[in-house]
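# Breakdown of the fold
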Number of protein chains: 2
Amino acid sequence: MATPGPTYVPQEILLSGAQELIHHRSPHMEEVMKEVNERLPVLFGTTQEVFIMLSSGTGAMEAAVANCFQEKDKVLVVSNGYFGERFADIARVYGIETVEIVSPWGTSVDMHDIEKAYYENLDVKGILVVYSETSTGVTNNVEEIGKFFRDKNVLVVVDAISGLLSHDFQMDAWGVDVALAASHKGFMMPPGLAFAAISKKAWLRLEHINPKTYYFSFKRFKKFYPMSPSSPGVSLIFALRTSIEMLMREGIESCYQRHQMIAEATQKGLEALGFELFVADSKRRSNTVTTAIAPPGLDTSRLIKILSSQYGMTITGGQGEFKGKMLRVGHIGSVDSLDLFTVFGAIELALTDMGLAFTKGSSAAAIQPIMQRGASGVEIIST
Amino acid sequence: MATPGPTYVPQEILLSGAQELIHHRSPHMEEVMKEVNERLPVLFGTTQEVFIMLSSGTGAMEAAVANCFQEKDKVLVVSNGYFGERFADIARVYGIETVEIVSPWGTSVDMHDIEKAYYENLDVKGILVVYSETSTGVTNNVEEIGKFFRDKNVLVVVDAISGLLSHDFQMDAWGVDVALAASHKGFMMPPGLAFAAISKKAWLRLEHINPKTYYFSFKRFKKFYPMSPSSPGVSLIFALRTSIEMLMREGIESCYQRHQMIAEATQKGLEALGFELFVADSKRRSNTVTTAIAPPGLDTSRLIKILSSQYGMTITGGQGEFKGKMLRVGHIGSVDSLDLFTVFGAIELALTDMGLAFTKGSSAAAIQPIMQRGASGVEIIST
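Criteria and thresholds
- Residues numbered from 1 in each chain as written.
- Chains lettered and ligands numbered in written order.
- Predicted model: local features only at pLDDT ≥ 70, side-chain atom pairs only at ≥ 80, totals over all residues.
- Heavy atoms only, no water.
- Pairing = 2+ DSSP bridges.
- Helix = DSSP H or I, 4+ residues; strand = E, 2+ residues; numbered from the N terminus.
- Axes fitted to C-alpha atoms, helices over the stretch in contact; angles between N-to-C directions.
- Contact = heavy atoms within 4.5 Å.
- Buried area = accessible area lost by both parts, 1.4 Å probe.
- Salt bridge = Lys/Arg side-chain N within 4 Å of Asp/Glu carboxyl O.
- Nonpolar A, V, L, I, M, F, W, Y, C, P; charged D, E, K, R; others polar.
- Buried < 20%, exposed > 50% of the residue type's maximum accessible area, 1.4 Å probe, protein only.
- Least-squares fit on C-alpha atoms with pLDDT ≥ 70 in both.
- UniProt positions renumbered as here; feature names shortened; annotations may be inferred.
- Polar contact = N/O pair within 3.5 Å; in protein donor to acceptor, adjacent residues only side chain to side chain.
- Domains from an automatic or database assignment.
- 1 Å grid on protein atoms, 1.4 Å probe; cavity = no way out; pocket = protein on both sides within 12 Å on 5 of 7 lines; lining within 4 Å.
- Points joined across faces, edges and corners; volume = space filled by probe spheres on them.
- Phe/Tyr/Trp six-rings, centres within 6.5 Å; stacked < 30°, edge-to-face > 60°.

This part covers the sheet that holds strand E7 (residues 155–159) of chain A. Residues and elements named next belong to chain A. Taken together, seven strands build an open sheet; the order of strands is E1-E9-E8-E7-E4-E2-E3 and the sheet is mixed. Among the strands making up the open sheet, the edge pair consists of strand E1 (50–54) and strand E3 (97–102). The mean angle between the axes of side-by-side strands here comes to 20 degrees, regardless of whether they run parallel or antiparallel. Here strand E2 (residues 74–79) pairs with E3 via six bridges, running parallel. Bridge pairing links Val-78 to Ile-101 in E3. The strands touched by helix H3 (residues 57–68) within the sheet are E1, strand E4 (126–130), E7, strand E8 (178–182) and strand E9 (193–198), with E8 carrying the most contacts at an inclination of about 160 degrees.

Structure, rendered in structure tokens:
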């Protein structure tokens, strides 16, 4: 599985999720929740509480929107991919007016466009932005956005679902107000848990809002913290405890540097096979997923089908207008640099099956210097 | 663990949840979802589709409310326990007017009260009712309620979260419009999945409503069916497949007859120890949990503490005014009649620790005739 989530789940995590269950209101569960809740904020770069929801990442996006804003509020939405569009869709369900800042797919939002939109809409109550857009392989500059709005009456809500742990993320230092994450991404877990970290600035607003949701009400989460307001995903929380242990063992910084190295190697491998990287700005390429446009005459839908049926490898393709033209190679979670040899080996075999001409072994050759050098600008990390 | 959910999870289910993950949009996952979706309706007594949500049971309750009703709609809410009250709370979050039909805790709602409330409020759009109230150990007569409203413009929304599989439940035959369930009850699974089955009559209403929720929108679920609109709980769905297999192996009818027998035996055991059954009407006692008031001088909070610390047994007590006075012995899911000897053995040991006088072995003696006879009015079931 080389997709931008769900990811490969290490056996250590799978098995800890298969432990005998305990009651979710027992003293034993309280210990587990306390331990997990103490360690989670570090991963978000915050000293604030992180709530654990039983839902997919979409549920977390809805929770943030429903808790931070009210009907008829106006928000800015950064729209340069599928998940940015989803953020806007969710806001509209709640009767929130959206001002979309659209940039072409494959580009990062321009800070000037955000400033312009803000000064034209001084009554906005928030900005919704996706950190790493898995649909396009782009990251938005959340650090710059957070710092710009820090002293303004605007809440910065960040979908860091696939961005967390694969990129540096400093909620407090950057001025992010609500940071969202999900278990089946950098946490290397099965899907099922979603996370929300909430800043002090956000709480000042939240206290005066009666959210139009019961299940996702942050006020209810706060009331029951560190326990859960309704039945928590006990088995998934066992798995989470192991996931956090593994992440701490590696170190958060090592973790995202490993992701960066693997992303850079993937880029080189795809270029060696004649693909054109979809994200021109090398600084804004996602460490979660590498997107690339196939050389003329290569149907990526067919390639993906052969990879799956002949080699048992799941790689995703482009969505919408990029269907058949784009390849999206995921590398998030429990990915080792050596795994890339498998991924590119399978791709080369499939290209040969398709009768395409290329130099065999060229991708395997292209990824090696990066592995030996490490991610750009950082020390070599042994994974 | 002898609580009304979470329940003991058989190893067969735990381990199937620890299988290597597959991508949630893969052909393999499609097969799994189709198989699960084909078999689920049988458990609900319906031919309609059953949606699988990634949430706790509370999420399912919210989903039903948000999809079936709109702001300013009026609904009847049966209120004779904690979960009925929660239904009303959720409705109010959505700006829905609630007419509560209150009966004392420990009693089932009286059909005359429902009819009266309906004829006084002919503009109601629905009725929200809990099938098995785990807070009080009572079942409401959902069959009678469903049949009364079947030909009226009122949707019957049933929280069957703990009632399904431990009691007979016939959604279509009874005229239930929305039936809700959750994985950590009769399904013998870890918490994490919730279910909603929706009648044709309900769909006629739902089609004209823009629900104020994105994550829980039944329209989105229908659009993606049998797949999930957002990342599903893949590992939990693996577990669900095994759970359904086990339930089919036992047979649905055998399953709830087993629950009934165990409930009746629990009642006898508690009575033998001087407890007074909280639910006077023997026909309306829950097969999920048996509630009983302790004899004078027995502090159930202390009993529960000793059971947990000395004997590792989790049994819950009364909530609210019944704290310290009530015992709630759960027997749902993967419970065998022999398990009751363990439960009552531990209770007797703890009572001795507390220095209370009673005839040792009296509860073990009282439960045996029921086990040998089987549930009242049914054949003996070998489990």
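Before going further, it helps to spend a moment on the interface of chain A and chain B. Listed by partner, the interface residues are 48 residues for chain A and 48 residues for chain B. Across the chain A/chain B interface, buried area totals approximately 3700 Å², and carbon plus sulfur atoms make up 68% of it. Looking only at chain A, the three residues that lose the most surface to chain B are Leu21(A), His23(A) and Tyr214(A), adding up to 18% of its buried area. Counting across the interface, chain A meets chain B through zero salt bridges. Of all the secondary-structure elements, those providing two or more residues to the side of chain A that touches chain B are helix H1 (11–16), H3, helix H4 (82–93) and helix H10 (234–250) of chain A. Broken down by element, the residue count for the side of chain A that touches chain B peaks at four residues, all from H4(A). Its residues assigned to classes, the side of chain A that touches chain B comprises 23 nonpolar, 19 polar and six charged.

Let us look at the sheet that holds strand E2 (residues 74–79) of chain B. Pairing between sheet strands relies on hydrogen bonds along the backbone, with the strands arranged either parallel or antiparallel. Residue and element names in this part refer to chain B. Judged by pairing direction, the sheet is mixed, and its seven strands sit side by side in the order E1-E9-E8-E7-E4-E2-E3 without closing on themselves. Each of the sheet's edge strands pairs with one partner strand only, and the pair in question is strand E1 (50–54) and strand E3 (97–102). Along the sheet, successive strands turn relative to each other by an average axial angle of 20 degrees, direction set aside. Both strand E4 (residues 126–130) and strand E7 (residues 155–159) contribute to a ladder of five bridges, which runs parallel. By the bridge assignment for E7, Val-129 is matched with Val-158. Contacting E1, strand E8 (178–182) and strand E9 (193–198), helix H2 (residues 27–44) runs over the sheet at an angle of about 110 degrees to E1. Contacts between helix H5 (residues 111–120) and the sheet are confined to E2, E3 and E4, with E2 contributing the most and set at about 160 degrees to the helix.

Further remarks concern the pattern of salt bridges. Side chains that carry opposite charge are capable of pairing whenever their charged atoms lie near each other. Following the criterion strictly, the structure yields 30 salt bridges over all chains and no others. Across the pair Lys201(B) and Asp177(B) runs a salt bridge whose closest N-O atoms are separated by 3.8 Å. Of this pair, Lys201(B) sits in helix H8 (residues 200–206) while Asp177(B) sits in the loop between helix H7 (171–174) and E8, and the two are 24 residues apart along the sequence. Owing to a relative accessible area of 26%, Lys201(B) belongs among the partly exposed residues under this scheme. Residue Asp177(B) is classed as buried on the basis of its relative accessible area, which comes to 3%. It is possible to trace a salt-bridge network through shared partners that takes in Glu35(A), Arg39(A) and Arg241(A).

Let us now look at the relation of the copies chain A and chain B. Relative to chain B, chain A is turned by 180 degrees and slid 0.0 Å along the rotation axis, the superposed coordinates differing by an RMSD of 0.0 Å. Expressed as a symmetry operation, the mapping of one chain copy onto the other fits a two-fold axis. A share of 100% of the interface residues of chain A reappears at the interface of chain B, consistent with the copies meeting face to face through the same patch.

All names here are of chain A. Here, the residues flagged by UniProt with the feature "binding site: substrate" (unreviewed entry) are Arg-328. Relative to the assigned elements, Arg-328 resides in strand E13 (residues 326–330). The buried category is assigned to Arg-328, whose relative accessible area is 7%. Of note is the side chain of Arg-328, whose polar atom sits 2.6 Å from the backbone oxygen of Thr-134.

This next bit is on the domain arrangement of chain A. Residue and element names in this part refer to chain A. What the domain assignment reports for chain A is domain 1 (11–250) and domain 2 (252–373). For domain 1 and domain 2, the distance between their C-alpha centroids amounts to 28 Å. Of the residues lining the interface, 25 residues belong to domain 1; the matching set on domain 2 comes to 24 residues. The three residues of domain 1 that bury the most area against domain 2 are Gly-137, Ser-166 and Glu-250, which together make up 25% of that side's buried surface. Viewed at the interface, domain 2 and domain 1 are joined by one salt bridge. We note a salt bridge from Glu-250 to Arg-258, for which the minimum N-O separation is 2.6 Å. Of all the elements in the fold, those that place two or more residues in the side of domain 1 that touches domain 2 are strand E5 (132–133), strand E6 (138–139) and H10. Of the residues contributing to the side of domain 1 that touches domain 2, the split by class is seven nonpolar, 14 polar and four charged.

A separate point is empty space enclosed by the protein. Counted under the stated rule, the structure contains eight cavities of 30 Å³ or more. For the largest cavity, the calculated volume is near 140 Å³. Taken together, 16 residues line the largest cavity, and the ones lying closest to its centre are Gly17(A), Ala18(A), Ser235(A), Gly17(B) and Ser235(B). Within the residue set of the lining of the largest cavity, elements represented by two or more residues are H1 and H10 of chain A together with helix H1 (11–16) and helix H10 (234–250) of chain B.

Under the counting rule described, the total for this entry stands at 39 aromatic pairs over all chains. Ring centres of Trp105(B) and Phe322(B) lie 6.4 Å apart, and the angle between their planes is 25 degrees; on these two criteria the pair is classed as stacked. With Trp105(B) in the loop between E3 and H5 and Phe322(B) in the loop between strand E12 (316–317) and strand E13 (326–330), this pair connects stretches of sequence that are 217 residues apart. In this structure Trp105(B) comes out as partly exposed when scored by relative accessible area, which is 26%. The buried category is assigned to Phe322(B), whose relative accessible area is 13%. Put simply, the rings of Phe51(A), Trp203(A), Phe218(A), Phe221(A) and Tyr225(A) touch in pairs and so form one group of aromatic residues.

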